[in-house]
Amino acid sequence: STVSATLSANAAENAESSLPWARFSSWLECVCVVTFDLELGQAIEVLWGCNVLHMTCEMCFPGCLGDTQFSFRLRQSVGRRGSWFGEEDAYSRDAPVTLQVKLAHFYGYVYFRQVKDASVKRGYFQKSLVLVSRLPYVHLFQSLLQIIAPEYFEKLEPCLEAVCNEIDQWQSPVPGLTLNLPVMGVVMQVRIPSKNDKPGGSPEKQAQKEVAPMMLPTIHELDLFKCFQSFLIHLQMLWELMLLGEPVVVMAPSPTVSSETVLALVSSIAPLRYCCDYRPYFTIHDTEFKEYTTRTQAPPNVILGVTNPFFIKTFQSWPHIIRLGELKMSGDLPKQVKVKKLAKLKTLDTKPGIYTAHKMFLQKDKSLIKRLLKGIQRKRPSEVQSAILRRHLLELTQSFIIPLERYLASLMPLQRSVTPWKTPPQIRPFSQEEFMGTLEHAGPQLTSVLKGDWVGLYRKFFRSPNFDGWYRLRHREMTQKLECLHLEVVCDADLLGWTKDKSEVEIVDLVLKLREKLMKAGKQQLPVKEGVLEKLEGYLQTVISSLPEDLQTSSVTFNVAQS
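Note that the structure is a prediction, hence the values are computed from the model and not measured.

## Considerations on the pairing of strand β6 (residues 178-183)
Thinking step 1. Here β6 pairs with strand β7 (residues 186-191) via six bridges, running antiparallel. What sits directly across from asparagine 180, in β7, is glutamine 189.
Thinking step 2. What sits between the antiparallel neighbours β6 and β7 is a turn of two residues, in which methionine 184 has the positive phi angle 50°.

Quick look at the structure:
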């Protein structure tokens, strides 16, 4: 809700007010400029924030003429210091799973310019302005680059320092809040999505004190229709590949097409989190290049976006390759690529197509394709076509996930089995066969008209990292819910009455267990009902004060040591 988001915002502001560059760090890890040095090659020229780009200068120089924008993703080097975000931070607790921060990875957002310049030795001005962040806010950061990069390339360093100082004045991202973010005379108005938002619905409106001249409708969504327009008729096949976490290579004509296609594919299974690795723009300079291109083992569960023709030979053994060319039109309609056999993948001059032997589990939804093609003929705006696509993919994913969620809910112990004097009961283990038995009466057919081998799709999904990631997250949430229920039941119990006929050892044991529970609840920020923790703390003090003085002292000492 807006109230809890505001409270989170106030807490975040208080925590960061004493730290230098804390607000900057809540948005960005660093801002840097990569230039071409005749002796050194690609080199970092200017750096604001911490250096995370020592291995990635080459990734920021795609070699295209003019202005190019793209994104990349890289793994954090081992042993590097932590960030503004913690494992249990308030941001990730309240953000949708698809936008939560993953501490193991960074995102890089690049604005590259290469133009002829007679005053430079090589005859070209070549620079990249790069924003590095933990946040997957591709639309926000690419919009920010469109404002600051052209200006920076004209005025250089003093301008960048001013921008970083402005970002350090921004309020930290708090899920559920609408923020005004001023930079270089422009105010961008953005809303940070919350996990409480209804999937596919409009977020609740908030009254604003001022009108922002630049409203961003989204901070993270791409123009799906633009990204998918050359393979609309195969979209369902690609959705299956993403759901199953299959190894996929996207070979694109430019870093822009490569990065946007990979990010769009990853987002196609939302609100399910894509739990495999993905690289929107992957080059031979990537730190995982050897790991991901070895032929001694099966291809890993990753999506790689590449532009270098050299990769065609490298990835010949991969099971799914999407080869994209420049967009071609067939009359009013974008020409659709064909599904081809992997054997037809040639080292040189490979034609655009989807090279795969994947047999689809579900039948194609022809009504969606007709609707989109009709939209093209009627010149329907791209954002409307994207909304239709996003809604279709959302409903498809939800039809697949709802039976799993329904079964998972049945594994929770009954509320009446949670008692104050016993450890909370365990969640029953997930049984694949038991789940399969529920599909006949409570399967995807309740919400989807698509026919096909849903059972086969589930069986393969169970072997994918996406199932493992989904189950771990949901199990953790259910365990926390049980902990909350137990705390609330203990809070309603007569603790003092229970202690009357108990030995001192039993009472001290109760005190220590309750103290541990309270500390755990605070550390994990469990969503306990308001006032429960304070009430329990009060009960605890009352129970401690009923003990003999020597035991009171030892209990308090132990509590302090635990804290």
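There is more to say, and it comes next.
## Remarks on the packing of helix α15 (residues 465-492) against helix α17 (residues 504-523)
Thinking step 1. Interhelical geometry of α15 versus α17 gives an angle of 130° and a closest axis separation of 11 Å. Viewed along their axes, α15 and α17 adopt a mutual orientation that is oblique. Between α15 and α17 the crossing geometry is left-handed. Of the residues in α17, those in contact with Glu483, His486, Leu487 and Val490 of α15 are Leu514, Lys517, Lys520 and Ala521.
Thinking step 2. The residue makeup of the contact of α15 with α17, split by class, is four nonpolar, one polar and three charged.

## Section: the sheet that holds β7
Thinking step 1. Across the sheet, three strands lie side by side as β6-β7-β8; this open sheet has mixed pairing. The open sheet terminates on both sides in strands that have one partner only, identified here as β6 and β8 (214-215).
Thinking step 2. The sheet contacts of helix α4 (residues 138-155) involve β6, β7 and β8, and relative to β7 the element is tilted by about 175°.

## Here we look at the nonpolar core
Thinking step 1. Ranked by size, the top nonpolar core spans 110 residues in total, and within it Trp27, Leu129, Phe228, Phe400, Leu404 and Phe430 carry the most contacts.
Thinking step 2. Counting residues per element, this core draws most heavily on α4, which supplies 10 residues.

## Concerning the layout of surface pockets
Empty space left among the atoms is revealed by rolling a probe the size of a water molecule over them.
Thinking step 1. Its volume calculated, the second largest pocket comes out at about 560 Å³.
Thinking step 2. Forming the walls of the second largest pocket are 20 residues, and the residues nearest its centre are Ser230, Gly325, Glu326, Leu327 and Val337.
Thinking step 3. Those elements that place two or more of their residues in the lining of the second largest pocket are α6 (224-228) and α8 (255-267).
Thinking step 4. Ranked by the residues each element gives to the lining of the second largest pocket, the list is headed by α8, at three residues.
Thinking step 5. By residue class, the composition of the lining of the second largest pocket is seven nonpolar, five polar and eight charged.

## Quick word on the packing of helix α7 (residues 235-243) against helix α12 (residues 382-410)
Thinking step 1. Following both chains from N to C, one finds α7 and α12 inclined at 50°, their axes separated by 12 Å at the closest point. Taken together, α7 and α12 sit at an angle that is classed as oblique. In the packing of α7 onto α12, the handedness of the crossing is right-handed. Facing α7, whose interface residues are Leu235, Gln236, Trp239 and Leu243, α12 presents Leu389, His392, Leu393, Leu396, Thr397 and Phe400.
Thinking step 2. A breakdown of the residues in the contact of α7 with α12 according to their chemical character gives seven nonpolar, three polar and no charged.

## Brief notes about the side chain of aspartate 286
Thinking step 1. In this structure, aspartate 286 sits in the loop between β10 (277-279) and α9 (289-293).
Thinking step 2. Classification of aspartate 286 as buried rests on a relative accessible area of 5%.

## A word on empty space enclosed by the protein
Thinking step 1. Taken as a whole, this structure holds one cavity of 30 Å³ or more when the rule is applied.
Thinking step 2. The space that makes up the largest cavity amounts to roughly 50 Å³.
Thinking step 3. Around the largest cavity, the lining residues are Leu232, Ile233, His234, Leu235, Gln236, Lys364, Asp365, Leu368, Ile369 and His392.
Thinking step 4. Partitioning the lining of the largest cavity into residue classes produces five nonpolar, three polar and two charged.

## Points about unusual backbone geometry
Thinking step 1. The omega torsion across alanine 270 and proline 271 is 10°, close enough to zero to call that bond cis.
Thinking step 2. On the secondary structure map, proline 271 appears in the loop between α8 and β10.
Thinking step 3. One non-glycine residue, methionine 184, adopts positive backbone phi at about 50°.
Thinking step 4. With respect to the secondary-structure elements, methionine 184 resides in the loop between β6 and β7.
Thinking step 5. In this structure, lysine 379 takes a positive phi of about 55° despite not being glycine.
Thinking step 6. Here lysine 379 is to be found in the loop between α11 (366-377) and α12.

## With respect to the environment of alanine 387
Thinking step 1. Relative to the elements of secondary structure, alanine 387 occurs in helix α12.
Thinking step 2. Between the alpha carbons of alanine 387 and glycine 200 there is a distance of 8.9 Å; along the sequence they are 187 residues apart.

## A few points about α4
Thinking step 1. Over its 18 residues, α4 extends 25 Å from the first C-alpha to the last, a length consistent with the 26 Å expected when each residue adds 1.5 Å.
Thinking step 2. Remark: the principal bend of α4, roughly 30°, maps to isoleucine 148, with a proline, proline 150, within the next four residues.
Thinking step 3. Turning to α4, its buried residues are Val138, Leu140, Phe141, Gln142, Ser143, Leu144, Leu145, Ile147, Ile148, Ala149, Tyr152 and Phe153.
Thinking step 4. Leucine 156 occupies a position one or two residues after α4 and carries a positive phi of about 60°.

## Focus on the pattern of salt bridges
Thinking step 1. As enumerated under the stated definition, the model contains 24 salt bridges in all.
Thinking step 2. Residues arginine 428 and glutamate 434 are paired through a salt bridge, measuring 3.5 Å at the closest nitrogen-oxygen approach.
Thinking step 3. Across the pair arginine 474 and glutamate 477 runs a salt bridge whose closest N-O atoms are separated by 2.7 Å. Of the two residues, arginine 474 and glutamate 477 both sit in helix α15, three residues apart, roughly one turn of that helix.
Thinking step 4. Classification of glutamate 477 by relative accessible area gives partly exposed; the value is 34%.
Thinking step 5. Overlapping salt bridges bring together Arg73, Arg75, Asp277, Arg279, Asp286, Glu288 and Glu291 as one network.

## Some thoughts on a positive patch on the surface
Thinking step 1. On the surface, a cluster of positive charge is made up of Lys364, Lys366, Lys370, Lys374 and Arg378.
Thinking step 2. Inspection of the secondary structure puts arginine 378 in the loop between α11 and α12.

## Digging into the packing of aromatic side chains
Thinking step 1. Summed over the entire model, instances satisfying the criterion amount to 32 aromatic pairs.
Thinking step 2. Measuring from ring centre to ring centre gives 6.3 Å for tyrosine 137 and phenylalanine 141, while their planes differ by 20°; the resulting arrangement is stacked.
Thinking step 3. Ring geometry for phenylalanine 311 versus phenylalanine 315: centroids 5.3 Å apart, planes at 20°, classification stacked. Each of the two residues, phenylalanine 311 as well as phenylalanine 315, counts as buried.
Thinking step 4. Lying over the aromatic face of tyrosine 278, arginine 73 brings its terminal NZ or CZ to 4.0 Å of the ring centre.

## Focus: the environment of valine 130
Thinking step 1. Along the polypeptide, valine 130 turns up in strand β5 (residues 124-133).
Thinking step 2. Along the sequence, valine 130 and leucine 145 sit 15 residues apart, while their C-alpha atoms lie 8.4 Å from each other.

Rules behind the numbers
Residues numbered from 1 in each chain as written. Predicted model: local features only at pLDDT ≥ 70, side-chain atom pairs only at ≥ 80, totals over all residues. Heavy atoms only, no water. Pairing = 2+ DSSP bridges. Helix = DSSP H or I, 4+ residues; strand = E, 2+ residues; numbered from the N terminus. Axes fitted to C-alpha atoms, helices over the stretch in contact; angles between N-to-C directions. Parallel < 35°, antiparallel > 145°, perpendicular 65-115°, else oblique. Left-handed = near helix turned anticlockwise from the far one by under 90°. Contact = heavy atoms within 4.5 Å. Nonpolar A, V, L, I, M, F, W, Y, C, P; charged D, E, K, R; others polar. Core = buried A, V, L, I, M, F, W, Y, C linked by side-chain atoms within 4.5 Å. Buried < 20%, exposed > 50% of the residue type's maximum accessible area, 1.4 Å probe, protein only. 1 Å grid on protein atoms, 1.4 Å probe; cavity = no way out; pocket = protein on both sides within 12 Å on 5 of 7 lines; lining within 4 Å. Points joined across faces, edges and corners; volume = space filled by probe spheres on them. Expected span 1.5 Å × (residues − 1). Bend = angle between axes of the 7 residues up to and from the residue. Salt bridge = Lys/Arg side-chain N within 4 Å of Asp/Glu carboxyl O. Patch = residues over 30% accessible without salt bridge, like charges linked within 9 Å, V, L, I, M, F, W, Y side chains within 5 Å. Areas by Shrake-Rupley, 256 points an atom, 1.4 Å probe, with all protein chains shown as cover. Lys, Arg positive; Asp, Glu negative; His and termini not counted. Charge placed at Lys NZ, Arg CZ, Asp CG, Glu CD. Phe/Tyr/Trp six-rings, centres within 6.5 Å; stacked < 30°, edge-to-face > 60°. Lys NZ or Arg CZ within 6 Å of the ring centre and 35° of its normal.

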